[in-house]
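Breakdown of the fold
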Amino acid sequence: MYLPPHDPHVDDPMRFKPLFRIHLMERKCATVECMYGHKGPHNGHIQIVKKDEFSTKCNQTDHHRMSGGRQEEFRTWLREEWGRTLEDIFHEHMQELILMKFIYTSQYDNCLTYRRIYLPPSSPDDLIQPGLFKGTYGSHGLEIVMLSFHGKKAKGTKITGDPNIPAGQQTVEIDLAHPLQLPDIENLGDFSELSRIVLEIQEQVRREEQEREQRQEEEEHSQQAASQPASPLGGGEGAEGEETAAGAEGTTQDKAPASQPFVLPAGVISRNEDYPRTCRICFYGTGLIAGHGFTSPERTPGVFVLFDDDRFGFIWLELKSFSLYSRIKVSFQNAQAPSREAFDEMLKNIQSLAT
């Protein structure tokens with residue numbers, strides 16, 4: 001298991017923790033050992049469920065328990081996950097969220113199901129190399145996000161989750177057709193000025209979506225009225241294709257301007273104050289927020305900030321919060337998707353598991 005570094009140090013390397021091991025014996029036999037817990041390897045079981053999926057089960061879960069009971073287990077987990085004690089964390093809400101995460105994750109220490117994930121395919125037009133990133137999520141600590149590009153959109157999909165937004169959900173979506181110009185340097189720290197700019201773009205995006213829906217309805221009506229529906233359908237697809245290509249070309253041309261000053265507006269909270277003070281480009285985007293248990297999820301406006309090839313940020317306008325993301329520089333073997341379609345199908349599958 002690859003674990004993110006301790007919050008909020010996103011630039012630190014990932015941590016590695018073995019979960020199980022297999023001893024291959026003679027005559028095609030094998031023994032499985034569970035590595036979870038603090039009492040050493042013990043008897044386990046592995047079952048191949050179907051292609052690209054398998055399950056592990058611990059047969060001696062007493063090896064996962066500690067003599068000091070749940071309190072000792074929680075203190076040990078806290079040191080491993082956060083690198084600190086509960087006494088070091090003064091914020092009551094943060095203590096509550098951490099405790100919830102411990103209760104949630106410790107329920108699943110005896111039986112786990114593994115499904116293959118692919119790294120996102122890349123294209124020369126991508127803003128940066130897609131891949132896996134460590135990101136700050138307030139009191140939830142560091143989480144792993146997969147950044148992938150889809151034409152005029154970029155998506156950040158959670159690979160690890162929390163009690164609010166589970167793994168598999170699309171945490172951020174970046175609208176590459178709508179670059180965002182930050183306020184001038186005198187107003188860079190003014191939250192109301194940034195908010196005004198973002199909400200203007202949000203309204204523009206809403207109008208464009210309405211116009212697109214209206215055009216689609218008109219095309220459908222014209223197709224139904226036509227004696228040969230194939231012709232207008234072909235024309236419609238061609239027009240849409242030209243528009244997409246033009247939009248993508250514009251994005252590519254604008255993707256690497258000179259760097260500009262960057263500072264978080266007053267009142268925006270960041271777990272990591274050591275963020276870059278210059279950025280390349282910003283885009284309008286939306287971020288997914290929800291209550292505990294993924295209740296009442298909604299997409300809210302925000303700002304995607306590209307710092308360099310390995311770091312980006314997202315300002316959550318409604319939460320007045322900032323997430324900083326840093327690339328995971330681990331070489332994963334056999335993780336490339338066999339095709340774009342296979343990657344898209346995988347994304348769809350992990351999202352359906354989460355919901």
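Below, the structure is looked at part by part. (Residues numbered from 1 in each chain as written. Predicted model: local features only at pLDDT ≥ 70, side-chain atom pairs only at ≥ 80, totals over all residues. Heavy atoms only, no water.)

Another point: the overall build of the chain. When helices and strands are tallied, the chain shows five helices and 18 strands. Within the structure as shown, the chain displays about 19,800 Å² of accessible surface, and the carbon and sulfur contribution to it stands at 51%. (Helix = DSSP H or I, 4+ residues; strand = E, 2+ residues; numbered from the N terminus. Areas by Shrake-Rupley, 256 points an atom, 1.4 Å probe, with all protein chains shown as cover.)

The next subject is the pattern of salt bridges. With the rule as written, the count across this model stands at 23 salt bridges. Glu 143 is paired through a salt bridge with Lys 158; the nearest N and O atoms lie 2.8 Å apart. Of this pair, Glu 143 sits in strand 9 (residues 142–150) while Lys 158 is found in strand 10 (residues 153–158), placing the two residues 15 residues apart along the sequence. The buried category is assigned to Glu 143, whose relative accessible area is 0%. A salt bridge links Asp 309 to Arg 280; the nearest nitrogen and oxygen atoms lie 2.9 Å apart. Taken together, the residues Asp 309 in the loop between strand 16 (295–308) and strand 17 (311–316) and Arg 280 in the loop between strand 14 (278–279) and strand 15 (281–291) connect sequence positions 29 residues apart. By relative accessible area, which is 42% here, Asp 309 ends up partly exposed. Given the relative accessible area of 23%, Arg 280 is considered partly exposed. Counted as one network, the salt bridges with shared partners bring together Asp 11, Asp 308 and Arg 311. (Salt bridge = Lys/Arg side-chain N within 4 Å of Asp/Glu carboxyl O. Buried < 20%, exposed > 50% of the residue type's maximum accessible area, 1.4 Å probe, protein only.)

All right, on to a nonpolar patch on the surface then. Judged by side-chain polarity, Tyr 2, Phe 16 and Phe 332 come together as a nonpolar surface patch covering roughly 320 Å² of accessible area. Mapping Tyr 2 onto the fold places it in strand 1 (residues 2–3). (Patch = residues over 30% accessible without salt bridge, like charges linked within 9 Å, V, L, I, M, F, W, Y side chains within 5 Å.)

This part takes up the sheet that holds strand 4 (residues 30–34). The sheet built from five strands is open, its strands ordered 3-4-5-6-7 with antiparallel pairing. With one partner strand each, in any of the chains shown, strand 3 (20–24) and strand 7 (111–115) form the two edges of the open sheet. Ignoring strand direction, the axes of neighbouring strands in this sheet form an average angle of 30°. The pairing of strand 6 (residues 53–58) with strand 7 spans five bridges and is classified as antiparallel. Bridging across to strand 7, Glu 53 finds its partner in Arg 115. (Pairing = 2+ DSSP bridges. Axes fitted to C-alpha atoms, helices over the stretch in contact; angles between N-to-C directions.)

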